[in-house]
Amino acid sequence: MAQTRGSFQQLYDNTDRKVYVMLGKHLKELPDIWRDVTKVESSDRQTEISIGVVGFGDVPERPEGQPFQTDILQPGHQKTVTHSGWGLGFEATIEAMEDDRYGQLKKYPMWLAFTAGYTLEKRAANIFNNGFTTELTADGVSLFNTAHPLVRGGTARNRPSSDVNLSWTSLKDAIVDLATETKHDSGQLAVASQDLILYVPPQLEMLADRIVNSNGLPGSADNDRNSIKARRNIVVKVNPLLTDTNAWFLVAKNKDMHGVRAYERIPITPMEPDTDPRTKSRLYTVRFRYSFYADTWQNAWGSAGA
């Protein structure tokens, strides 16, 4: 679809008017929220494969004079991702470009860059939006699940048995889950992250702030100190593209410690303009290639809300 003078005739009808652009002047685009909770790696391949290594089981007792029992390293769960490509163009006739009284068509780079960045933000948020259903980790179950299968047997969870709304008590229980359910695929406990991001939609922002940052116990008349604030370093991050207004998440602040990932195959790239040889219309395009996925589940915890 080419931009013609008829498709935005107010730019050409010789009637004086004030023409303004909301983006940048009145409305600011979202910052890159997704990069705060997503580990981004570069890739030069069509497909990337990651596989974990499973360590040894517990060391058994050895009676005096008896041979040592042996164990082996095992392959862990494997995740394969193939990068997706995105692209959008803006085509304008030479007449539309010539007669644009207000110079709006020349601002196409701003609009292409804006919509490209917004697209990445939405796709990254979907890791969490779909984290209870279709966003699968390498073990084949949803990112937030009550039964992640461990390679050497057993399961672990990073979701409550019954989903709960955000509260001081439910956040405390989530911290306990991280301490007691963050396991290696060998079944052995790992140290859960102490520095965390509480990732919420705007509807939970103020409640999250009260829970995390109050010096006293939130919602209580007594003067007990807020042990969550004292014992953990938790930062509240808000993303308006989280679609469930009751869902909330905990992820390690250190992005190397959790499995929310993205590969950047081709960054947001404006292409060289093209000219249609018959109409001389100009075509401006932008493209990028990324993959967004959940690799491992450890140090990420979520509740869909009650």
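Relevant structure appears above.
Residues numbered from 1 in each chain as written. Predicted model: local features only at pLDDT ≥ 70, side-chain atom pairs only at ≥ 80, totals over all residues. Heavy atoms only, no water.

Moving on: the nonpolar core. Membership of the largest hydrophobic core comes to 28 residues, with the highest contact counts inside it found for W34, I127, F128, F144, Y199, F249 and F292. The element that contributes the greatest number of residues to this core is helix α4 (residues 108–129), accounting for five residues. Once you skip the residues sitting within four places of it in the chain, I127 turns out to touch E135, L143, V260, R261, F292, Y293 and A294. Counting 18 residues, the second-largest nonpolar core is a separate cluster that includes L178, A192, V212 and I234. (Core = buried A, V, L, I, M, F, W, Y, C linked by side-chain atoms within 4.5 Å. Buried < 20%, exposed > 50% of the residue type's maximum accessible area, 1.4 Å probe, protein only. Helix = DSSP H or I, 4+ residues; strand = E, 2+ residues; numbered from the N terminus. Contact = heavy atoms within 4.5 Å.)

Turning to the side chain of S291, a few remarks are in order. Mapped onto the elements, S291 comes out in strand β13 (residues 282–294). Within the structure, the side chain of S291 is placed 3.0 Å from the side chain of H83, a separation counted as a polar contact. Residues in contact with S291, not counting those within four places in the same chain, are V81, T82, H83, R261, A262 and Y263. (Polar contact = N/O pair within 3.5 Å; in protein donor to acceptor, adjacent residues only side chain to side chain.)

Pairing within the open sheet is mixed, and its four strands lie in the order β9-β8-β10-β14. Each edge of the open sheet carries a strand with a single partner, namely β9 (233–238) and β14 (300–303). Taken over all neighbouring pairs, the strand axes of this sheet differ in orientation by 20° on average, direction set aside. Relative to β14, strand β10 (residues 248–252) runs antiparallel, the two being bridged by four bridges. In the sheet register, V251 faces β14, and the bridge partner there is A300. Packing of helix α5 (residues 168–181) onto the sheet brings it into contact with β8 (195–200), β9, β10 and β14, and relative to β10 it is tilted by some 40°. Here helix α6 (residues 205–213) sits on the sheet and contacts β8 and β9; the angle it forms with β9, its principal contact strand, is near 170°. (Pairing = 2+ DSSP bridges. Axes fitted to C-alpha atoms, helices over the stretch in contact; angles between N-to-C directions.)

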